[in-house]
Amino acid sequence: MPEPIAELESVSKLYGTFAALRKVSVSFERGRCYVVLGANGAGKSTLLRMLAGLLRPSYGRMRVFGEEDPANVRDRIGYMSHATMLYDEFTGVENLRYFANLYRGRACMKPEEALEAVGLDPSLNRPVGQYSQGMRQRASLARVLLSQPELLLLDEPFSNMDIESAHQMLRLLETFRSEQRTILLTTHQRELAEPLADFMLRLRAGSVESLSDGPHAQGCFAPEAGR
Ligand SMILES: Nc1ncnc2c1ncn2[C@@H]1O[C@H](COP(=O)(O)OP(=O)(O)OP(=O)(O)O)[C@@H](O)[C@H]1O
């Protein structure tokens, strides 16, 4: 049985008196892709932010790579939020060089390699502020990939992307999974992400409504399918 790399045991997260997550128990296995679904406000982003170490559980137990505080294993986790976290006035490669400098002393991809990995031309001499939405999302993913994280937490990676860019990103994620990286991604575009899923985790009002096998676990994923 694959090794769990992150586990939540009866985890709740309260914002004031409001419970955004309610007694969530789930474990995530290495090398699997989890597609996290649920209506607006179901708690998807809260779950990802917690696994990224940006929020602490109010109740319950969480372990990521065996650590109670994911901050202790930050270099093994890549988190991509709605915000791209890129500097609009810099080119893609300038942005990534800046972030690569922050990882000095750690194993890290070359900025050019990370951009190529997401299908962006590192020599593109255009500030990120002038990129299309799909290019910005891919540059943002390249930033996350720099540190070669084992756990990728992607909040709405396909939002505002055209279909061609989204399929390109899906093929990229399939490659990461084949490298035994674990992927958790939230999306409202179920039909797009579903073929990649080993598991579909559906949240409802902060609780786990269901955890079911995805098409990939059933051997149905073909990167070119659905194009
Ligand atoms: N910082 C905060 N303070 C108070 N309430 C919050 C905060 N962050 C989130 N919430 C509330 O917690 C609930 C879960 O929010 P969350 O962003 O995790 O949901 P989501 O499933 O990601 O929603 P969406 O699909 O709209 O992004 C929502 O009702 C939201 O209003």
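Since the structure is predicted, the reported quantities are computational estimates derived from the model, not experimental observations.

Visitor: Before we move on, could you go through the sheet that holds strand S1 (residues 4-15) and cite the residues and values that matter?
Guide: Pairing is antiparallel across the open sheet formed by 3 strands, whose spatial order is S2-S1-S4. Edge positions in the open sheet fall to strand S2 (18-29) and strand S4 (59-64), since each of these has one partner strand only. Each strand axis lies, on average, 15 degrees off the axis of its neighbour in the sheet, ignoring direction. Bridge analysis of S1 against S4 gives 5 bridges, and the strand direction is antiparallel. Residue pairing for S4: alanine 6 is matched across the bridge by valine 64. Its contacts with the sheet put helix H1 (residues 44-51) on S1, S2 and S4, and the angle it makes with S1 is roughly 120 degrees.

Visitor: So, helix H5 (residues 163-178): which residues are in play, and what are the values?
Guide: Taking 1.5 Å of rise per residue, 16 residues should cover 22 Å, and H5 covers 23 Å from first to last C-alpha, within 8% of that figure. Two or three places before glutamate 164, at the opening of H5, aspartate 162 has a side-chain oxygen 3.1 Å from that residue's backbone nitrogen. Glutamine 180 sits one or two residues past H5 and shows a positive phi near 70 degrees.

Visitor: If you had to explain the nonpolar core to someone new, which residues and values would you point to?
Guide: By size, the foremost hydrophobic cluster in this structure holds 41 residues, and its most contacted members are Leu141, Phe158, Leu173 and Leu185. Sorting the residues of this core by element identifies strand S3 (33-37), helix H2 (92-102), helix H3 (111-117), helix H4 (133-145), strand S6 (151-155), H5, strand S7 (182-186) and helix H6 (190-193) as the ones contributing at least two each. Setting aside its immediate chain neighbours within four residues, leucine 185 contacts Cys33, Tyr34, Val35, Val36, Leu154, Pro157, Phe158, Leu173, Ala193 and Leu196. Counting residues in hydrophobic clusters, the runner-up holds 28 residues, among them Val11, Val36, Leu153 and Phe199.

Visitor: Which residues make up H2, and what values go with them?
Guide: Since the α-helix advances by 3.6 residues per turn, residues separated by three or four positions end up pointing in the same direction. Residues Gly92, Val93, Asn95, Leu96, Phe99 and Ala100 constitute the buried set of H2. All buried residues of H2 project into a common sector of 155 degrees when viewed along the axis, lining one side. Buried-residue contacts for H2 involve H3 and H4.

Visitor: Give a description of the site of the ligand that names residues and reports values.
Guide: Residues in close proximity to the ligand include Tyr15, Phe18, Ala20, Ala39, Asn40, Gly41, Ala42, Gly43, Lys44, Ser45, Thr46 and His188, which together make up its full environment. The backbone of glycine 41 places a nitrogen or oxygen atom 2.8 Å from an oxygen atom of the ligand. Here an oxygen atom of the ligand sits 3.1 Å away from a polar atom, N or O, in the main chain of alanine 42. About the coverage of the ligand: the protein hides 60% of its 640 Å² of free accessible area. For the ligand, the cavity whose grid points lie within 2 Å of the majority of its atoms is the second largest pocket. Listing elements by their share of the shell around the ligand, those giving two or more residues are S2 and H1.

Visitor: If you had to explain the pairing of S6 to someone new, which residues and values would you point to?
Guide: The buried count for S6 comes to 5 of 5 residues, which makes it a mostly enclosed element. The two faces of S6 match: Leu151, Leu153 and Asp155 on one face and Leu152 and Leu154 on the other face are all buried. Sheet topology note: the strand S5 (residues 77-80)/S6 ladder contains 4 bridges and is parallel. Looking at S6, one finds that tyrosine 79 is bridged to leucine 153. By the bridge criterion, 5 bridges tie S6 to S7 in an arrangement that is parallel. Bridge pairing in S7 places leucine 151 opposite threonine 182. With H5 bridging S6 and the parallel S7, this β-α-β connection has right-handed handedness.

Visitor: I'd like to hear about the pattern of salt bridges, residue by residue, with values.
Guide: For side chains of opposite charge, pairing can occur when their charged atoms come near one another. Within this structure, the stated rule accounts for 15 salt bridges. In this structure, arginine 56 engages aspartate 69 in a salt bridge whose closest nitrogen and oxygen atoms are separated by 3.9 Å. Of this pair, arginine 56 sits in the loop between H1 and S4 while aspartate 69 sits in the loop between S4 and S5, and the two are 13 residues apart along the sequence. Residue aspartate 69 is classed as partly exposed on the basis of its relative accessible area of 27%. Between arginine 204 and glutamate 209 there is a salt bridge whose closest N-O contact spans 3.3 Å. Among the charged side chains, a network of salt bridges with common partners joins Glu9, Arg61, Arg63 and Glu68.

Reading the values: the criteria
Every residue gets a number counted from 1 within its own chain, in the order that chain's sequence is written. Per-residue local features of the predicted model are confined to residues with pLDDT of at least 70, and side-chain atom pairs are confined, for both listing and counting, to 80 or more; whole-chain, interface and lining totals are unaffected and use all residues. Think of the side-chain values as coming from all heavy atoms in the structure, minus any hydrogens and water. Two strands are counted as paired when DSSP detects at least two bridges linking them. Here a strand is any run of E in DSSP of at least two residues, a helix any run of H or I of at least four, and the numbering for each starts at the N terminus. Each axis is a line fitted through C-alpha atoms, taken for helices only over the stretch in contact, and angles between the N-to-C directions span 0 to 180 degrees. Whether two residues touch is decided by their heavy atoms; if any such pair falls within 4.5 Å, the residues are in contact. Here the expected span of a helix is defined as 1.5 Å times the quantity of residues minus one. In the analysis that follows, any N or O atom pair within 3.5 Å is treated as a polar contact, provided that within protein one partner can donate a hydrogen and the other can accept it, and provided that, for residues neighboring in sequence, both atoms belong to side chains. Throughout this description, the term nonpolar core refers to a set of buried Ala, Val, Leu, Ile, Met, Phe, Trp, Tyr and Cys residues connected via side-chain atoms within 4.5 Å. For every residue, the accessible area obtained with a 1.4 Å probe (protein chains only) is divided by the maximum for its type, and the residue is called buried under 20%, exposed over 50%, and partly exposed between those limits. Working note: the arc is built from the helix axis to C-beta atom directions. Throughout, the term near means that a residue has one or more heavy atoms lying within 4 Å of the molecule or strand in question. Only the protein chains shown count as covering a residue, and every accessible area follows the Shrake-Rupley method with a 1.4 Å probe. The method works on a 1 Å grid over the protein atoms by themselves. A cavity is a set of points holding a 1.4 Å probe that cannot get out, a pocket is an open set with protein on both sides within 12 Å along at least five of seven lines, and residues with an atom within 4 Å of a point line them. A pocket or cavity is taken to hold a molecule when more than half of that molecule's atoms are within 2 Å of the pocket's grid points. With the strands aimed away from the viewer, a crossover counts as right-handed if its path from the first strand over the helix to the second runs clockwise. Just to be clear on terms, a salt bridge is a Lys or Arg side-chain nitrogen sitting within 4 Å of an Asp or Glu carboxyl oxygen.

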